[in-house]
Amino acid sequence: MSQGPVEDYAEFAAARAGHLYRSACLLTAGDTHLAEDLVQEALGRIYVRWGRVSRVGNPAGYAQTVLTRTFLAHRRRFSSRERIRDSFPEAADADADADPSLRLTLLDALAQLPAKDRAVVVLRYWEDRSVHETADALNVSSAAVRTRCVRALARLRELLGEDLAEYARS
């Protein structure tokens, strides 16, 4: 017997929420509260269109695109707001082998990138999307994605400098 659309959506949301949250944490440079809000907003937008989304060949990719566009829209809306943080929240990490100082250094460097550059880095290198897929998700040309990648990676190298080599040796 076939499940109804609500049950299908609930199953999809339960399966993808963790991955979307991790991506949102990277997009927000470690702001876990904003990441939760973005995931909820993205899942809400997907629910409204679930009838069409469920027929798409790749609903997980669609969800990632909605999350990224939600993040960019949020950054545009609240670009003048200050977010003051003196420390990162302590949270259990599923990857116990990861070096916390490396994680904090990378999150700090990501936070210093402009929102669109950060989105390109997350989609291209965290989500492992192609240039074309990233361009579609961000609604820009492939040339713009390549330009932002070069610019963002150069800025990350500049920000991380010797620190990254030091952490990589550990």
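Above this text sits the structure in question.
Right, let's walk through the structure included here. (Residues numbered from 1 in each chain as written. Predicted model: local features only at pLDDT ≥ 70, side-chain atom pairs only at ≥ 80, totals over all residues. Heavy atoms only, no water.)

### Considerations on the pattern of salt bridges
A full pass over the atoms with the stated rule returns three salt bridges. Here R45 ties to E41 by a salt bridge, and the two come within 2.6 Å at their closest N and O atoms. Of this pair, R45 and E41 both sit in helix α2 (residues 32–48), four residues apart, which is roughly one turn of the helix. For E41, a relative accessible area of 29% gives the class partly exposed. Between D117 and R148 there is a salt bridge whose closest N-O contact spans 2.7 Å. Remark: R148 occurs in helix α8 (residues 142–169) and D117 occurs in helix α6 (residues 115–126); sequence separation between them is 31 residues. On the basis of relative accessible area, R148 is assigned to the partly exposed category, the value being 25%. (Salt bridge = Lys/Arg side-chain N within 4 Å of Asp/Glu carboxyl O. Helix = DSSP H or I, 4+ residues; strand = E, 2+ residues; numbered from the N terminus. Buried < 20%, exposed > 50% of the residue type's maximum accessible area, 1.4 Å probe, protein only.)

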